[in-house]
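As a plain string of letters, each chain reads:
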Amino acid sequence: MATATTMRPLVSLALPDQGAARLATQLFLALVGTLLLTLSAKTKVVLGPVDISLQTLAVLLIASAFGMRLAVATLILYLAEGAIGLPVFQGTPEKGIGIAYMLGSTGGYLAGFVVMAAIAGWAADRGWDRHPGKLFGAMLAAEIVMMAMGFAWLAVLIGPEKSWQFGVAPFIAGDLIKVALAASLVPAVWALLPKRP
Ligand SMILES: O=C(O)CCCC[C@@H]1SC[C@@H]2NC(=O)N[C@@H]21
């Protein structure tokens, strides 16, 4: 149910108001979102147990364009595709597939993507996607939570020192740039759209 604090995210401009058409469009968007996530996972620089990729940028863009509910559904669909063995993740199929892969070195980030989408989508639902400063703050919080989850799981597997060395330190600068990019892009799209009453 909509509340007084709920604003419509970008995707609402393309969504039918109700009924089967709305559901079908949401399903289509979720599938397109998982394709984008797969492409972003494969756009990578190989480093070691965890590689550099564009996944955080994709998660943040999807979340701020879709809003919390559709973004979380999209991320869950993405994880489900991976769980049944589709090669949608950074290291699939070469480092394994399915649940076995998801319990490996990048499992914490994969779970973290869902929380990241929820935080950034929550901000978009409150109209923060129109303001670069507010959106940057929310996306930075989302990034920190996701990285903490990635770090914690990797620390269980290889210890905290190595987890910091291989799972956090190499990504700080690049991920900050992705956060800044996502936080600028979405408000810029809103600014280009004709003002609605
Ligand atoms: O196996 C996967 O598909 C998940 C890979 C997670 C990569 C993490 S996300 C945060 C950090 N930034 C990057 O560019 N790579 C790592």
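Residues numbered from 1 in each chain as written. Predicted model: local features only at pLDDT ≥ 70, side-chain atom pairs only at ≥ 80, totals over all residues. Heavy atoms only, no water.

Now for the nonpolar core. Counting 46 residues, the largest nonpolar core has Leu60, Phe66, Leu75, Tyr78, Phe89, Phe113 and Met139 as the members making the most contacts within it. Elements represented by at least two residues in this core include exactly α1 (19-42), α2 (55-66), α3 (68-83), α4 (98-102), α5 (107-125), α6 (132-158) and α8 (172-192). For this core, the leading source of residues is α2, giving eight residues. Beyond its immediate chain neighbours, meaning those up to four positions away, Phe66 contacts Pro9, Val11, Leu29, Ala30, Ala71 and Thr74. (Core = buried A, V, L, I, M, F, W, Y, C linked by side-chain atoms within 4.5 Å. Buried < 20%, exposed > 50% of the residue type's maximum accessible area, 1.4 Å probe, protein only. Helix = DSSP H or I, 4+ residues; strand = E, 2+ residues; numbered from the N terminus. Contact = heavy atoms within 4.5 Å.)

Turning to the site of the ligand, a few remarks are in order. Within the structure, the ligand sits among 18 residues, and Asp51, Gln55, Gln90, Tyr101 and Thr106 are positioned closest to it. In this structure, an oxygen atom belonging to the ligand sits 2.9 Å away from a main-chain N or O atom of Ser53. Taking 420 Å² as the accessible area of the ligand by itself, protein coverage stands at 100%. Counting residues per element, the shell around the ligand draws most heavily on α5, at three residues. Class assignment of the residues belonging to the shell around the ligand gives a composition of ten nonpolar, five polar and three charged. (Near = heavy atom within 4 Å. Polar contact = N/O pair within 3.5 Å; in protein donor to acceptor, adjacent residues only side chain to side chain. Areas by Shrake-Rupley, 256 points an atom, 1.4 Å probe, with all protein chains shown as cover. Nonpolar A, V, L, I, M, F, W, Y, C, P; charged D, E, K, R; others polar.)

Our focus in this paragraph is the UniProt feature "transmembrane region" (unreviewed entry) in the protein chain. Look at the UniProt record and you will see "transmembrane region" (unreviewed entry) annotated at residues 20-40, 52-79, 99-123, 135-159 and 171-193. Strand forms 0% of residues 99-123 and helix 84%; the C-alpha atoms that close the span are 31 Å apart. Along residues 171-193 one finds 91% helix and 0% strand; the C-alpha atoms at either end are 33 Å apart. (UniProt positions renumbered as here; feature names shortened; annotations may be inferred.)

What follows deals with the environment of Phe151. Considering the arrangement of structural elements, one finds Phe151 in helix α6. According to the relative accessible area criterion, Phe151 is partly exposed, its value standing at 25%. Expressed as a C-alpha distance, the spacing of Phe151 and Thr106, which sit 45 residues apart in the sequence, is 9.1 Å. If we skip the residues at most four places from it in the chain, Phe151 touches Pro160, Ser163, Trp164 and Val168.

Turning to the packing of α2 against α3, a few remarks are in order. As a packed pair, α2 and α3 sit with axes 7 Å apart at the nearest point and diverge in direction by 140°. As far as their axial angle goes, α3 and α2 are oblique. Crossing hand, α2 versus α3: right-handed. For the pair formed by α2 and α3, the contact residues are Gln55, Val59, Ile62, Ala63 and Phe66 on the first element and Met68, Leu70, Ala71, Thr74, Leu75 and Tyr78 on the second. Classifying every residue of the contact of α2 with α3 gives nine nonpolar, two polar and no charged. (Axes fitted to C-alpha atoms, helices over the stretch in contact; angles between N-to-C directions. Parallel < 35°, antiparallel > 145°, perpendicular 65-115°, else oblique. Left-handed = near helix turned anticlockwise from the far one by under 90°.)

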